[in-house]
Amino acid sequence: MWCLELLLPLLLIINDASCQWNVWVPRDISAMTNSCVVIPCTFMYPSGIRPYRGVHGIWYFGQPYPQLFPPVVFKTRTDIVHESYKGRTKLLGDLHQRNCTLLINNIGAEHSGRYYFRADLGGANMYTFPDFSELKVLDQPNIDVPEEIVSDESLELTCYAPDNCPDMTPEIQWMYTDYLPDPEFSSDYLEESNTAVLSSTLTFTPRPMHNGQLLGCRVYYPNTTLVYERLISLDIKYAPRSVWVNVSSEVMEGSSVMLHCEVDSNPPPRIFWMFGDQELVWDTASNISLPLDDVTPEQEGIYTCVGENSYGVMNTSLYLAVKYPPREPVVNDSMTVQEGTSLALHCSTQGSPAPTLTWLKDGELVGTITADELSVLEILEITPQGDGQYRCLAENEHGRASSSLNITVEYAPVFLEESKCTVVREGVQCVCMATGNPEPTIEFYLPDLNVTINETDGRYNFYTHTDGHTSTGMIKLREKGERIDNGPAVNVHCSMYNMYGRESVHLELQQEKKYMMAVIVGTIGGVAVIAFIIAAVRYVGHNNKKENGNPRQDVVLENPALYYSAVKKDKQNLRKKVGEDGDYQPVGSMAGLERQELNYAALEFIGARPREGASGRGDDGSNYTEIKAK
């Protein structure tokens, strides 16, 4: 016992001149349960006192005053001690040498407390020293853990075991260190106030992943069954190291969505959701949720979850896409432009996904299909054909919408080919047609008479009509005029104008060519009808001969009056077409056609001998008879 060896020389050096009662014991001392402990002790008494019948001593537990009857731990005059100390205590020091060192074996938790020494020199020379030694009986070793363990900073943990039992020396071993990064171990032996402590230090650099992990220190005495262990859970402080949120998602307009966020940090962070610069919700926790109901397109965008504590800050973002059908497109206002003007028609809309924009004119595709929220249709030098309704159609997978505008193109009058002069019963009729916007005004000019016609008088009738952008003017000249080469002389000019221009054309007479063709077609048609009748009569007669086996059998015409009537009618029609009783004057080489006679087939009517078994009168009341071919 090194401590006892040091006490004896120390007693020899003490100056007795102080003449004071004094004691020296360690203020604190510890031991493992079921082991032993030695409490070093030296005392002094006044030099003028002479011990009577030797020097005796008493150790008390808990109280220094005998009158309070504290438990007796050890007493030199007798073996009477407290039951809890029977057979456990022994005085190691020599009281005559003023050494009062005490040994306690097989200590338990109930032995923890304050121990007082009382010196008995005989007679009235007895004194209880107020100083005490406090014993701590441990059932597990102590581990010195810093108040704050910070991630990525070197950490030292020290495990202590008391070494105050002369018969047993402890050993220390660290537990559950396999997962630590590069751990280092060191041992030390500490001596203080005549007490000894064995220590083992573990050094490593903790990471956030080690937070909450267990570490252990084991103290054991070789060649005994005494083993003591202590476990600690690492409380490692670290800034937010991960922020988990939903993956970016797509939702339909009007639906609901829940955004979740989890943050890994120690201590728990202040966690909050941000949309732009706006803080939506917050809490001090490891996770938080943000509900969004009846989502609108305005809520589409980047949502950021932020976690922060005193060690740092971290955030993660997601993109929330709101899908919706195209909104009604915004297009130009309807407009009126002049021919030749270049235009740019704009169509803009919103939709998600981005809609396709298509321009239609009067239902037909114009331009190109654009996959964007803006489409521009350029029309270079617009023509009258560009007049109409233009519709912008926006479509995506969720729906469609459209908007329209009207473009009115104004232009100078344009002469139409339908304009002409023709011969009618009253004389000559001239029609002038033109299109333009605004609708053109039409006038007729007769240069031979130096007359501009724009109203009705006794010589001619004037009539105008407007249909959309088309204007029609018509006059009837009641005198046919002088003949030039068997045709009437016509000299009529048509003038049309609006605010953008004027045009004048000479109207040609269309009668010669067109009505010559009508006469030719009518003549050929009449001849064709007569030829068909003759062929039909011969065909019927031929069939009758063949059926009766008599090649000389007479051909019977069932209703010759009807056939003759048909021929007569065709002749009358032909005469009407060539002008015999019609509204048109004979023209050209066809003028003498009315004096020509048609050649009819020569037929011999045989007197009223009806065919056997047949009536002599038709259903319509006409008489018929047999017809024999000569």
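As the structure is a prediction and not an experimental result, all values here were calculated from the model.

1. Notes on the overall build of the chain
Move 1: If you tally the helices and strands in the chain, you get three helices and 45 strands.
Move 2: Out of the 630 residues in the chain, the part that is buried amounts to 40%.
Move 3: Taking contacts inside the chain between residues at least 6 apart in sequence as the whole, the part at least 24 apart equals 63%.

2. Let's talk about unusual backbone geometry
Move 1: In this structure, Pro-267 follows Asn-266 across a cis peptide bond, with omega equal to 5 degrees.
Move 2: Of note, Pro-267 is situated in the loop between strand 22 (257-266) and strand 23 (270-275).
Move 3: Cis geometry is adopted by the peptide bond preceding Pro-438, which originates at Asn-437 and carries an omega value of 5 degrees.
Move 4: Structurally, Pro-438 is set in the loop between strand 37 (427-437) and strand 38 (441-446).
Move 5: Of note in the backbone geometry, Asp-152 takes a positive phi value of approximately 70 degrees without being a glycine.
Move 6: Assignment of secondary structure puts Asp-152 in the loop between strand 13 (149-150) and strand 14 (155-162).
Move 7: Unusually for a residue other than glycine, Asp-362 sits at a positive phi of about 50 degrees.
Move 8: Checked against the element boundaries, Asp-362 lands in the loop between strand 31 (356-361) and strand 32 (364-371).
Move 9: Since its relative accessible area comes to 48%, Asp-362 is described here as partly exposed.

3. A word on the sheet that holds strand 43 (residues 501-507)
Move 1: Read across the open sheet, the four strands follow the order 39-38-42-43; overall the sheet is antiparallel. Each edge of the sheet is formed by a strand with only one pairing partner; in this case those strands are strand 39 (451-453) and strand 43. Recorded for the sheet is a direction-independent mean angle of 25 degrees between the axes of neighbouring strands.
Move 2: Relative to strand 43, strand 42 (residues 492-498) runs antiparallel, the two sharing seven bridges. Pairing of Val-492 across the sheet is with Leu-507, part of strand 43.

4. Things to note about the confidence of the model for the chain
Move 1: Per-residue pLDDT for the chain has a mean of 80; in total, 77% of the residues score no lower than 70.
Move 2: Across the chain, the secondary-structure element scoring lowest on mean pLDDT is strand 44 (residues 604-605), at 39, and the one scoring highest is strand 18 (residues 214-220), at 96.
Move 3: Every residue in residues 481-487 scores below 50 in pLDDT, and together they form six contacts with partners more than four places removed in sequence or on other chains.

5. Things to note about the sheet that holds strand 25 (residues 287-292)
Move 1: Taken together, the four strands give an open sheet; going across it, the order is 13-20-22-25, and neighbouring strands pair in mixed fashion. On the outer flanks of this sheet lie strand 13 and strand 25, each paired with one strand and no other.
Move 2: By the bridge criterion, two bridges tie strand 13 to strand 20 (residues 236-245) in an arrangement that is parallel. Counted as the bridge partner of Val-150 is Lys-237 from strand 20.

6. A word on the pattern of salt bridges
Move 1: Inspection of the entire model under this criterion finds eleven salt bridges.
Move 2: The residue Lys-323 makes a salt bridge to Glu-250 at a minimum N-O spacing of 3.7 Å. Of the two residues, Lys-323 is situated in strand 27 (residues 312-323) and Glu-250 in strand 21 (residues 249-252); the sequence distance between them amounts to 73 residues.
Move 3: The class of Lys-323 is buried, set by a relative accessible area of 15%.
Move 4: With its nearest N and O atoms 3.0 Å apart, the salt bridge here joins Lys-361 to Asp-362.
Move 5: If you follow the salt bridges from partner to partner, you end up with Arg-270, Glu-279 and Glu-308 in one network.

7. Re empty space enclosed by the protein
Move 1: Evaluated as defined, the whole model comprises one cavity of 30 Å³ or more.
Move 2: In terms of lining, the largest cavity is formed by Ser-30, Ala-31, Met-32, Ser-35, Cys-36, Pro-162, Asp-163, Asn-164, Cys-165, Met-168, Pro-170 and Tyr-221.
Move 3: For the lining of the largest cavity, the element with the highest residue contribution is strand 2 (residues 28-32), accounting for three residues.
Move 4: Tallied by class, the residues present in the lining of the largest cavity amount to eight nonpolar, three polar and one charged.

8. Some points on the pairing of strand 41 (residues 470-477)
Move 1: Examined bridge by bridge, strand 37 and strand 41 share eight bridges and lie antiparallel to one another. Bridge pairing in strand 41 links Met-433 to Thr-472.
Move 2: Taken together, the eight bridges between strand 40 (residues 460-467) and strand 41 define a ladder with antiparallel strand orientation. Note that in strand 41 the partner of Thr-464 across the bridge is Gly-473.

9. Here's the deal with the state of the cysteines
Covalently bonding the sulfur atom of one cysteine to the sulfur atom of another cysteine gives a disulfide.
Move 1: Counting across every chain of the model gives seven disulfides.
Move 2: The partner cysteine of Cys-261 in its disulfide is Cys-305, sulfur to sulfur 1.8 Å. Its torsion about the S-S bond being -80 degrees, the disulfide of Cys-261 and Cys-305 is classed as left-handed. Of this pair, Cys-261 sits in strand 22 while Cys-305 sits in strand 26 (residues 301-309), placing them 44 residues apart in sequence.
Move 3: What pairs with Cys-432 in a disulfide is Cys-494, and their sulfur atoms sit 1.7 Å apart. Looking down the S-S bond of the Cys-432 and Cys-494 bridge, the torsion is -75 degrees, so its handedness is left-handed. Pair noted here: Cys-432 is in strand 37 and Cys-494 is in strand 42, with a separation of 62 residues, a long-range link. Residues Cys-432 and Cys-494 agree in their burial class; the two are buried.

10. Comments concerning the layout of surface pockets
One simple way to see leftover space: roll a probe sized like a water molecule over the atoms.
Move 1: Space inside the second largest pocket adds up to approximately 420 Å³.
Move 2: Mapped onto the lining of the second largest pocket, the elements with two or more residues apiece are strand 2, strand 11 (133-138), strand 14, strand 16 (184-192) and strand 17 (195-204).

11. Structural notes on the packing of aromatic side chains
Move 1: Counted according to the given criterion, the structure contains 16 aromatic pairs.
Move 2: Taking the centre distance of 5.6 Å and the plane angle of 55 degrees together, the rings of Tyr-116 and Phe-132 count as tilted. One end of the pair, Tyr-116, is in strand 9 (residues 113-120); the other, Phe-132, is in the loop between strand 10 (126-128) and strand 11, and 16 residues separate them in sequence. As far as the burial class goes, Tyr-116 and Phe-132 line up, both buried.
Move 3: On the numbers, 6.2 Å between centres and 80 degrees between planes, the contact of Phe-444 with Phe-462 is edge-to-face. With Phe-444 in strand 38 and Phe-462 in strand 40, the pair connects residues that are 18 residues apart, well separated along the chain.
Move 4: By relative accessible area, which is 0% here, Phe-444 ends up buried.
Move 5: For Phe-462, a relative accessible area of 15% gives the class buried.
Move 6: Taken together, Trp-21, Phe-43, Tyr-45, Trp-59, Phe-117, Tyr-127 and Phe-129 form an aromatic cluster joined through their ring pairs.
Move 7: Over the ring of Tyr-45 we find Arg-98; its NZ or CZ atom is 4.6 Å from the centre of that ring.

Each value, and the rule that gives it
- Residues numbered from 1 in each chain as written.
- Predicted model: local features only at pLDDT ≥ 70, side-chain atom pairs only at ≥ 80, totals over all residues.
- Heavy atoms only, no water.
- Helix = DSSP H or I, 4+ residues; strand = E, 2+ residues; numbered from the N terminus.
- Buried < 20%, exposed > 50% of the residue type's maximum accessible area, 1.4 Å probe, protein only.
- Contact = heavy atoms within 4.5 Å.
- Pairing = 2+ DSSP bridges.
- Axes fitted to C-alpha atoms, helices over the stretch in contact; angles between N-to-C directions.
- pLDDT = per-residue confidence, 0-100.
- Salt bridge = Lys/Arg side-chain N within 4 Å of Asp/Glu carboxyl O.
- 1 Å grid on protein atoms, 1.4 Å probe; cavity = no way out; pocket = protein on both sides within 12 Å on 5 of 7 lines; lining within 4 Å.
- Points joined across faces, edges and corners; volume = space filled by probe spheres on them.
- Nonpolar A, V, L, I, M, F, W, Y, C, P; charged D, E, K, R; others polar.
- Disulfide = S-S within 2.5 Å.
- Phe/Tyr/Trp six-rings, centres within 6.5 Å; stacked < 30°, edge-to-face > 60°.
- Lys NZ or Arg CZ within 6 Å of the ring centre and 35° of its normal.

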